Amino acid sequence: MSASIRFLMCSPHHYDVDYVINPWMEGNIHKSSRDRALEQWQGLYQIIADHATVDLIKPQPGWPDLVFTANAGLVLGDTVVLSRFFHPERQGEEPHFKTWFEEQGFTVHELPKDLPFEGAGDALFDREGRYLWAGYGFRSELDSHPYLAEWLDVEVLSLRLMDERFYHLDTCFCPLTDGYLLYYPPAFDSYSNRLIELRVPPEKRIIVDEPDAVNFACNAVNINRIVIMNRASDSLKQQLAHVGFQVLETPLDEFLKAGGAAKCLTLRVTEPVLTEKVATVAYESRTIKLEGHLLDSGLINRALDVITDGGGSFQVLNFDLGVQRQSTSRAEVRVSAPSHSIMEEILSQLIDLGAIANPREDQDVATEVVVKDGVGPDDFYVTTIYPTEVRVNGDWIRLQGQRMDGAIVVGENAEGAIARCCLLRDLKEGDRVVVGVDGIRTVRKAEARDQRSSQEFSFMGAGVSSERRVELVVEQIAWELQKIRSQNGKVVVTAGPVVIHTGGGVHLSRLIREGYVQALLGGNAIAVHDIEQSLMGTSLGMDMQRGISVRGGHRHHLKAINIIRRAGSIAAAVEQGILTSGIFYDCVRHNVDFSLAGSIRDDGPLPDTQMDLIAAQADYARLITGADMILMLSTMLHSIGVGNMTPAGVKMVCVDINPAVVTKLSDRGSVESVGVVTDVGLFLSLLVQQLDKLNVPQAVR
Ligand code: ARG
């Protein structure tokens, strides 16, 4: 026994499950037996007392969870950070623990109010005392971590808990003597798992699987080479024995009903204090500013969700609420994150929402110079579809060529600084590329309540759209097409072969003939099936008149390809009188530009199909430029490609029978996209009908 190791425990005289504050307590109210609890607690007490000194704190009536002394606070040397409980149900324990610590002569630190931290339940020293692992996500707030670093003068490593069942760090994570670690990885997010793997070498990581984890195997008390726990599987015992640990099991199921076991029932009050220490924490915090219809548009919720879902935390410093329906609100929010890279991830998403990072400091963008063609600096800012401005030499300048997934290159011309979106592959040695998140803002259209509801009206992604609603959207789109045509605007269509299979080809042809379409984008397949239908009356071997497959029809599309290859191109086939109808015939006849981007699965391909994908992307980008509307007809990949190249502000209509595709494409977070879940052939036929109605001369109507 080592008298120099001390633990604090509290006998379960007043223990019970009186309320539910974790999933273990659900269904267990008043279901624990105090006698059995006492017996089990004594079993644990005996084992610990055999190996260390046990101090006791007096149980208190009305505070059933006081037995879980791990949650009293976090001790290092003669300093303690007192717990600040998350749930009101346990807050009354704080003064009892505080008195005990003070009586023992500890220096007691107390966190600001409303900043929860649940002591050694959520903070565990590596057994060599080199650093402190601190959990957050359920009971303790990330923002408590810098206080721990400062008051205890240690390096704090923040770990984010993701599984409600493992709501305290000590329920799934147990550092052991000699740098070993017993833990349950699925309880953590991927960043935390990476951090653990960086600090603990593989041979020192003892991974517990779910059956052991739910028996609270990680909730263990480690004294030198002994590990005391509720229960362990044979394989876990072997694994531990293999690296020199002896498992002592002692049943604690009465306490499992409250969500605790061996470790929770103890607080180690002697922790090794290293002389050479560094108070560090990878934690960072920054202030951002948000402005707009923050409540009405749900922007503030989205922003706060971005922060917490991303693994960060926040404090709302100011909220200036607009009073009138039309007035905007502003908020200043302090964002914190467990590391620099998480901070940058969160901030760039907030910038997408229109937030400005560092509102006070007014910083210029940071740039790094490209050292190898086609390769950006590590930390380059990735662009979105939203109009973006960067601050250069004190001025905000608008990006040219806004698109998604590019880098920002900053340069000079005669008039001053310029900034443009640039694809990675187009970066040139010497280009100055924006890195980090300073001095970047996106300009979002204020979304007021009215606009939002109209967007919700148009969006058909949620479930199956009723026929009437499809009709309403079609009416809106027809009206819009009509308007764009009368203003000599530009409509681009991306179309998949389903347009042909569903009989929509004739309708699309009409839209082309009547001047509603200015460019057509697709792959090899739409052209092949359109031409097959024109030459042979089938689409992928299906008779389009009768809807049945034709014997030997599966060869038709190859024959169609072959015919066009012989002619030299689609246009040549039209010239030579070989191709006399169909979508592509009409494109050629009416000078509508088209671009066919190839793929690995293409048969043939047609001579017009661009098999060099970089050239195909450039061609798409050229045809999209200046578009007022893009109609996406049942082609997921071409539509996603087009979506990425298109800045916000271009109206997009996505039609697909698969709601998932529609959701994916319409969810650009901008008001201009409309999704319609329906058969594309049907959609096109409704659309031409509606256009006919609009075009009936006044007198006849
Ligand atoms: N019922 C207690 C609670 O939910 C159990 C505490 C367990 N303690 C621990 N260190 N994990 O707060």
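Keep in mind that this is a model prediction, so the values were computed, not measured.

A. Structural view of the overall build of the protein. Counting secondary structure elements, the protein contains 22 helices and 35 strands. Overall size of the protein, expressed as C-alpha extent along the three principal axes, is 100 × 65 × 55 Å. Taking all 701 residues of the protein together, the buried fraction comes to 54%. Restricting to contacts in the protein with at least 6 residues of sequence separation, those with at least 24 account for 69%. When the accessible surface of the protein is split by element, carbon and sulfur atoms take 50% of a total near 30,300 Å². Looking at charge distribution, the protein has the averaged site of its 66 positive side-chain charges lying 6 Å from that of its 92 negative ones.

B. Representation of the site of the ligand in the model. N22, R90, R139, D170 and C264 are the nearest of the 17 residues found near the ligand. Within the side chain of H168, one N or O atom sits 2.8 Å away from a nitrogen atom of the ligand. Between the ligand and D170 there is a distance of 2.7 Å, counted from a nitrogen atom to a side-chain nitrogen or oxygen. Protein chains shield 100% of the accessible area of the ligand, which is 340 Å² for the free molecule. Assessed atom by atom at 2 Å from the grid points, the ligand resides in the second largest cavity. Of the residues contributing to the shell around the ligand, the split by class is seven nonpolar, six polar and four charged.

C. Quick look at the pairing of strand β9 (residues 173-176). Judged by which residues are buried, β9 turns out to be covered on both faces: F173 and P175 on one side and C174 and L176 on the other are all buried. Where β9 meets strand β10 (residues 180-183), four bridges bridge the pair, whose relative direction is antiparallel. Bridge pairing in β10 links C174 to L182. If you look at the hairpin formed by β9 and β10, you'll find three residues sitting between the two strands, and D178 has a positive phi there, around 70°.

D. Broad picture of the nonpolar core. Counting residues in each nonpolar core, the largest one holds 72 residues, and the members touching the most others are W133, F173, L182, F188, M229 and L350. The contacts of M229, once residues within four sequence positions are left out, are L182, A217, A220, L236, L240, V247, L248, E249, T250 and A262.

E. Examining the sheet that holds strand β8 (residues 155-160) more closely. The strand order across the open sheet formed by three strands is β6-β7-β8, and the pairing between neighbours is mixed. Single-partner strands in this sheet number two, and they are β6 (123-125) and β8. Each strand of the sheet is rotated relative to its neighbour by a mean of 25°, with strand direction disregarded. Pairing analysis gives three bridges linking β6 to strand β7 (residues 131-136), with the strands arranged antiparallel. Paired with A123 across the two strands is A134, which belongs to β7. Taken strand by strand, helix α5 (residues 190-199) contacts β7 and β8, and its axis lies near 140° from that of β8.

Thresholds applied
Within every chain, residues take consecutive numbers counted from 1 along the sequence as written. Owing to the predicted nature of the model, reporting of local features is limited to residues with pLDDT of at least 70; listing and counting of side-chain atom pairs is limited to 80 or more, with chain, interface and lining totals taken over all residues. Hydrogens and water molecules were not included; the side-chain quantities draw on all heavy atoms of the structure. Going along the chain from the N terminus, every DSSP run of H or I of four or more residues is numbered as a helix, and every run of E of two or more is numbered as a strand. Buried means the residue's accessible area, taken with a 1.4 Å probe over protein chains only, is under 20% of the maximum for its type, while exposed means over 50%, and partly exposed covers the values in between. Contact definition: two residues touch when any of their heavy atoms are within 4.5 Å. Residue burial considers only the protein chains on display, and all accessible areas are found by Shrake-Rupley using a 1.4 Å probe. Under the convention used here, Asp and Glu are negative, Lys and Arg are positive, and both His and the chain ends fall outside the count. To locate a charge, take NZ of a lysine, CZ of an arginine, CG of an aspartate or CD of a glutamate. The cutoff for a nearby residue is simple: one of its non-hydrogen atoms must lie within 4 Å of the molecule or strand. Pairs of N or O atoms are called polar contacts if they sit within 3.5 Å, as long as, within protein, a hydrogen donor faces a hydrogen acceptor (for residues adjacent in sequence, only side-chain-to-side-chain pairs). Detection works on a 1 Å grid of protein atoms alone, calling trapped sets that fit a 1.4 Å probe cavities and calling open sets with protein on both sides within 12 Å along at least five of seven lines pockets, with lining residues defined by an atom within 4 Å of a point. The rule for placing a molecule in a cavity or pocket is simple: more than half of its atoms must lie within 2 Å of the grid points. Think of it as three bins: nonpolar holds Ala, Val, Leu, Ile, Met, Phe, Trp, Tyr, Cys and Pro, charged holds Asp, Glu, Lys and Arg, and polar takes everything else, Gly as well. The criterion for strand pairing is that DSSP finds at least two bridges linking the strands in question. Here, nonpolar core means buried Ala, Val, Leu, Ile, Met, Phe, Trp, Tyr and Cys residues that are tied together by side-chain atoms lying within 4.5 Å of each other. Throughout, an axis means a line fitted to C-alpha atoms (over the contacting stretch in the case of helices), and angles, computed between N-to-C directions, take values from 0 to 180 degrees.

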